[in-house]
Amino acid sequence: MSVLPLIFTSGWASGINAYAVVLLFGVFGATGLTDEVPESLQRADVLIAAAVLFLCDTVADKIPYVDSVWDAVHTVVRPLSGAVVGALLAGQSGSLPEIAAGAVGGSTALLSHLVKAGTRMAVNTSPEPFSNIAVSTAEDLGVAGIITFAVFHPVAAAVIAGTLLVLGIATVAFLAARIRRFRRRRAQRRAEKRLAGGGIPAPPG
């Protein structure tokens, strides 16, 4: 069977939490649950690095505004990770050219990353921090669940990932007004800080 469904699902998951994808695949491969995972993802140093970065991601992703900064930094990291994992999976199976697999994994990761980042901008318009924690926890559990499911049922998992991607894009479009308000507030805060730093009082209101 073609490894394409697994690559698509891993790309979607990488756009949300790339470190969790590498860690889960590495653990599943090392424990013998699947033979689809290349040995390079099962190495001890890769697993340790992925685990440490996953913990950092878990903390940063649940702090309001810090999560958006973290997302901005990972605009390159997540798609690149999705592309690399996709290429490695293709190389392991030999059923798909590695360049094509990397393109699928990277582009899918980029789309899901943009959905995640856009959703977080909307969530950050809320003054309380609990919504960030709830959304981040749901994302972590979703990535863990769908990667685990994909190992045993890759086609069904790909259908779920595709559905979630479409729903995510629709949600971001719906929340576009909140995202624009978030950006205006952020720009206003930066302007106020610049004025305060220059000794010029910020205008009232």
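This one's a predicted model, so the numbers in the text were calculated from it and none came from an experiment. (Residues numbered from 1 in each chain as written. Predicted model: local features only at pLDDT ≥ 70, side-chain atom pairs only at ≥ 80, totals over all residues. Heavy atoms only, no water.)

J.: Can you help me understand the overall build of the protein chain in this one?
T.: On a plain count of helices and strands, the protein chain comes out with 7 helices and 0 strands. Along the three orthogonal principal directions, the C-alpha set of the protein chain runs to about 65 × 35 × 30 Å. Looking at the protein chain as a whole, 43% of its 205 residues are labelled buried. Long-range pairs, those at least 24 residues apart, make up 74% of the contacts in the protein chain between residues at least 6 apart in sequence. Taken together, the 16 basic and 13 acidic charged side chains of the protein chain have centroids lying 17 Å from each other. (Helix = DSSP H or I, 4+ residues; strand = E, 2+ residues; numbered from the N terminus. Buried < 20%, exposed > 50% of the residue type's maximum accessible area, 1.4 Å probe, protein only. Contact = heavy atoms within 4.5 Å. Lys, Arg positive; Asp, Glu negative; His and termini not counted. Charge placed at Lys NZ, Arg CZ, Asp CG, Glu CD.)

J.: Sorry if this is basic, but what is going on with the side chain of Thr 9 here?
T.: Among the structural elements, Thr 9 can be located in helix H1 (residues 4-30). On the accessibility criterion, Thr 9 (0% relative accessible area) is buried. Polar contacts involving the side chain of Thr 9 include one to the main-chain amide nitrogen of Ala 158, which spans 3.3 Å. Ignoring sequence-local partners within four residues, the contact set of Thr 9 consists of Ile 146, Ile 147, Ala 150, Pro 154, Ala 157, Ala 158 and Ala 161. (Polar contact = N/O pair within 3.5 Å; in protein donor to acceptor, adjacent residues only side chain to side chain.)

J.: Explanation requested: the packing of aromatic side chains in the structure shown.
T.: The description of two aromatic rings rests on the distance between their centres and on the angle between their planes. Tallying each qualifying case throughout the model produces 0 aromatic pairs. If you follow Arg 189 out to its NZ or CZ, it ends over the ring of Tyr 65, 5.0 Å from the centre. (Phe/Tyr/Trp six-rings, centres within 6.5 Å; stacked < 30°, edge-to-face > 60°. Lys NZ or Arg CZ within 6 Å of the ring centre and 35° of its normal.)

J.: Explanation requested: a nonpolar patch on the surface in the structure shown.
T.: Residues Phe 149, Ile 160, Leu 164 and Leu 167 make up a contiguous nonpolar surface patch of about 330 Å² in total accessible area. Among the elements that make up the nonpolar patch, the one with the highest residue count is helix H6 (residues 154-174) (3 residues). On the secondary structure map, Leu 164 appears in helix H6. (Patch = residues over 30% accessible without salt bridge, like charges linked within 9 Å, V, L, I, M, F, W, Y side chains within 5 Å. Areas by Shrake-Rupley, 256 points an atom, 1.4 Å probe, with all protein chains shown as cover. Salt bridge = Lys/Arg side-chain N within 4 Å of Asp/Glu carboxyl O.)

J.: When you look at the environment of Ala 156 in this model, what are you seeing that I'm missing?
T.: Its place among the elements puts Ala 156 in helix H6. Exposure remark for Ala 156: the relative accessible area of 35% places this residue in the partly exposed category. In this structure, the C-alpha to C-alpha distance between Ala 156 and Val 27, residues 129 residues apart in sequence, is 22 Å.

J.: Even after reading the chapter, I still don't get the environment of Gly 102, so can you show me in this structure?
T.: Along the chain, Gly 102 falls in helix H4 (residues 98-123). Not counting the four nearest positions on each side in its chain, Gly 102 is found in contact with Ala 83, Gly 86 and Ala 87.

J.: Looking at this structure, I do not really get the pattern of salt bridges. What am I missing?
T.: Between side chains of opposite charge, a pair can form when the charged atoms approach closely. Under the criterion given, the structure shown has 9 salt bridges. Asp 61 is the partner of Arg 120 in a salt bridge, and the nearest nitrogen-oxygen pair spans 2.8 Å. Placement of the pair is Arg 120 in helix H4 and Asp 61 in the loop between helix H2 (44-60) and helix H3 (66-93), with a sequence separation of 59 residues. In this pair, the class of Arg 120 matches that of Asp 61, namely buried. For Glu 139, the salt bridge goes to Lys 116, with nearest N and O atoms at 2.7 Å. In this pair, Glu 139 sits in helix H5 (residues 130-152) while Lys 116 sits in helix H4, placing the two residues 23 residues apart along the sequence. With a relative accessible area of 15%, Glu 139 lands in the buried category.

J.: Please explain the packing of H1 against H2 as it appears in this structure.
T.: The axes of two packed helices give the description: the angle between them and the distance between them. Where H1 meets H2, the closest approach of the two axes is 8 Å, and the angle between their N-to-C directions is 145 degrees. In the packing of H1 onto H2, the handedness of the crossing is left-handed. Every residue of H2 that contacts H1 at Asn 17, Tyr 19, Ala 20, Val 22, Leu 23, Gly 26 and Val 27 is listed here: Val 46, Leu 47, Ala 50, Ala 51, Leu 53, Phe 54 and Asp 57. Taken together, the residues of the contact of H1 with H2 break down into 11 nonpolar, 2 polar and 1 charged. (Axes fitted to C-alpha atoms, helices over the stretch in contact; angles between N-to-C directions. Left-handed = near helix turned anticlockwise from the far one by under 90°. Nonpolar A, V, L, I, M, F, W, Y, C, P; charged D, E, K, R; others polar.)

J.: Looking at this structure, how should I read the packing of H1 against H6?
T.: In contact at an axis separation of 8 Å, H1 and H6 are set at 40 degrees when each is read in the N-to-C sense. Our classification of the angle between H1 and H6 gives oblique. The element H1 and its partner H6 pack so that their crossing is left-handed. Every residue of H6 that contacts H1 at Pro 5, Leu 6, Phe 8, Thr 9 and Trp 12 is listed here: Pro 154, Val 155, Ala 157, Ala 158, Ala 161, Gly 162, Leu 164 and Leu 165. Across the contact of H1 with H6, the residue classes break down as 11 nonpolar, 2 polar and no charged. (Parallel < 35°, antiparallel > 145°, perpendicular 65-115°, else oblique.)

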